[in-house]
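A closer look at the structure
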Amino acid sequence: MNGDARREWFEKDYYHVLGVAKNASHAEIKKAYRKLAQKHHPDANAGNKDAEERFKEISAAYDVVGNEEKRKQYDQVREMASSGAGAGGFPGGGGVRFEDMGGVGGFGDIGDLFSVFTGGRGRGRTQPVRGADLETEVRVSFEDSMSGTTVPVRIAGPAPCPTCHGSGAEPGTSPTTCPQCGGAGAVSVNQGPFQMSQTCPRCRGTGRVVERPCTVCRGSGSVRTTRNLTVKIPGGVRDGGRIRLAGRGEPGPAGAPAGDLYVVVHVAPHRLFSRKGNDLTLELPVTFPEAALGANVQIPTLNGAVTLKIPSGTQSGRTFRVRGLGAPKKGGRGDLLVTVRVDVPSKLSREEKALLSQLQDSQKKSPRASLGVDA
């Protein structure tokens, strides 16, 4: 977590950004995020800078409270801020403000924050600042979501500099270990009775310095460009599923590790099948004679037609399970759930009416007898 992110945790209420309560479940948070992300996504708001910024804000909020570990840390930070530690001083008085200690951004991580209260030494940063995560969306057909596919993705934004390959140093040279922090990315700072770990001001937490900056990226290690990537969509992916591409996000400063790219998959609905967990569902129309007398009928599947036996006396609404013809899952596939619907024709020929009248006259027992009313 970099300095700007730590400061943002104190200043921004991510639950408010997503429009959910602090005690909202993960499912509620995910549902709210998907609704807002779809509304404000740049693809649906071409040229709208406000929507683009709102989408970034929503994604940043979900990246934190949508992750159980990050959400726990975020809640701890917010609780300390509300208790007065973030603005009015430490619990128990003393009037010491974080601003007086170099700002929230000076703390290395949550552990460093707690070390202020205990008087212990904060942990030095041992890893360089990581690049920001990115998120994009793709749309696939229902069939492709079942079988798996590969789709192209275009990402516009920072990418590793092609000249220095992201190091930030002029070709033929390399970044050197920061002499101020010794490569730790953090330095110890004495604040009266406290000793804390603070981001190194010279290398800005990367642990390295560039003596001869690359002339193309000016030492940043990145340039703005459009990247064309291919994303492998696994078979069985659900609508709204997120695929993580490690290291494909924004590059870190001066060769630091890149963030990740998250691809949200939207699955188009199918005209016949729906999904219920790992099972697929299908409604099967049958005639009254087929339901009453029984029949072998052909049913569609994603892999071609198969035969389903309808027993005699089958009632409308009865569901049959065809094993192994559902969605792909770990170790196999789900099932196909076929629900029978007795089809009542809206128009009848004269011959059909006559036959049904004979059937009606031959029936001795009313189906409404159990209701205790006249037939």
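What counts as what
- Residues numbered from 1 in each chain as written.
- Predicted model: local features only at pLDDT ≥ 70, side-chain atom pairs only at ≥ 80, totals over all residues.
- Heavy atoms only, no water.
- Helix = DSSP H or I, 4+ residues; strand = E, 2+ residues; numbered from the N terminus.
- Buried < 20%, exposed > 50% of the residue type's maximum accessible area, 1.4 Å probe, protein only.
- Contact = heavy atoms within 4.5 Å.
- Areas by Shrake-Rupley, 256 points an atom, 1.4 Å probe, with all protein chains shown as cover.
- Pairing = 2+ DSSP bridges.
- Salt bridge = Lys/Arg side-chain N within 4 Å of Asp/Glu carboxyl O.
- Core = buried A, V, L, I, M, F, W, Y, C linked by side-chain atoms within 4.5 Å.
- Phe/Tyr/Trp six-rings, centres within 6.5 Å; stacked < 30°, edge-to-face > 60°.
- Axes fitted to C-alpha atoms, helices over the stretch in contact; angles between N-to-C directions.
- Disulfide = S-S within 2.5 Å.
- Patch = residues over 30% accessible without salt bridge, like charges linked within 9 Å, V, L, I, M, F, W, Y side chains within 5 Å.

Some words on the overall build of the chain
The number of helices and strands found in the chain is nine helices and 17 strands. A total of 375 residues make up the chain; the buried ones form 39% of that total. Contacts spanning at least 24 positions in sequence make up 63% of the contacts within the chain whose residues lie at least 6 apart. Carbon and sulfur atoms make up 49% of the accessible area of the chain, which totals about 21700 Å².

Observations concerning the pairing of strand β9 (residues 261-267)
With seven of its seven residues buried, β9 lies for the most part within the structure. Burial along β9 is two-sided: Leu261, Val263, Val265 and Val267 facing one way and Tyr262, Val264 and His266 facing the other are all buried. Of the pairings in the sheet, the one linking strand β1 (residues 134-140) to β9 comprises seven bridges and is parallel in character. Pairing of Val138 across the sheet is with Val265, part of β9. With four bridges connecting them, strand β8 (residues 242-245) and β9 associate as antiparallel partners. Its bridge partner lying in β9, Arg244 is registered against Tyr262.

Side note on the pattern of salt bridges
Under the counting rule described, the total for this entry stands at 13 salt bridges. Glu52 is paired through a salt bridge with Lys49; the nearest N and O atoms lie 3.8 Å apart. One end of the pair is Glu52 and the other is Lys49, both in helix α4 (residues 49-65) and three residues apart, which spans about a single turn. A relative accessible area of 27% places Glu52 in the partly exposed class. A salt bridge links Arg341 to Glu283, with the shortest nitrogen-to-oxygen separation between them at 3.5 Å.

Some thoughts on the nonpolar core
Of all hydrophobic cores here, the largest spans 35 residues; its most connected members are Ile233, Ile299 and Leu308. Contact partners of Ile299, with chain neighbours within four places excluded, come to Leu282, Leu284, Gly304, Ala305, Val306, Leu308, Val322, Leu336 and Val338. Within the second largest apolar cluster, 22 residues are counted, among which are Ala24, Ala32, Val65 and Val77.

What to know about the packing of aromatic side chains
Taken as a whole, this structure holds three aromatic pairs when the rule is applied. Taking 6.0 Å as the distance between ring centres and 55 degrees as the angle between the ring planes, the aromatic pair formed by Tyr15 and Tyr74 counts as tilted. Of this pair, Tyr15 sits in helix α2 (residues 14-18) while Tyr74 is found in helix α5 (residues 68-82), placing the two residues 59 residues apart along the sequence. When its relative accessible area of 0% is taken as the criterion, Tyr74 is described as buried. Pairing Tyr33 with Tyr62 gives two aromatic rings, centres 4.1 Å apart and planes at 10 degrees, and the pair type is stacked. Linking Tyr33 in helix α3 (residues 26-40) with Tyr62 in helix α4, this pair joins segments that are 29 residues apart in sequence. An aromatic cluster is defined as three or more aromatic residues linked by ring pairs; in this entry it consists of Tyr14, Tyr15 and Tyr74.

Let's talk about the environment of Asp343
Along the chain, Asp343 falls in the loop between β17 (336-342) and α9 (350-362). Expressed as a C-alpha distance, the spacing of Asp343 and Phe288, which sit 55 residues apart in the sequence, is 6.9 Å. Non-local contacts of Asp343, meaning those with residues more than four positions away in its chain, are made with Val286 and Phe288.

Section: the pairing of strand β11 (residues 279-286)
By the bridge criterion, three bridges tie strand β10 (residues 274-276) to β11 in an arrangement that is antiparallel. When the bridges of β11 are listed, Ser274 appears paired with Thr281. Connecting the antiparallel pair β10 and β11 is a turn made up of two residues, with Gly277 showing a positive phi of about 65 degrees.

Description of the sheet that holds β11
An order of β10-β11-β17-β14 is seen for the four strands of this open sheet, with the pairing classed as mixed. The sheet is open, and its two edges are formed by β10 and β14 (319-322), each paired on a single side. Adjacent strand axes in the sheet meet at a mean angle of 35 degrees when their direction is disregarded.

Some remarks on the state of the cysteines
Summed over all chains, the structure comprises zero disulfides. Free cysteine: Cys161, not disulfide-bonded; nearest cysteine sulfur from Cys164 at 3.8 Å. Cys164 gets classed as buried once you look at its relative accessible area, which sits at 6%.

Some details on a nonpolar patch on the surface
On the surface, a nonpolar cluster with roughly 330 Å² of combined accessible area is contributed by Phe288, Leu348, Leu356 and Leu359. Here Leu348 lies in the loop between β17 and α9.

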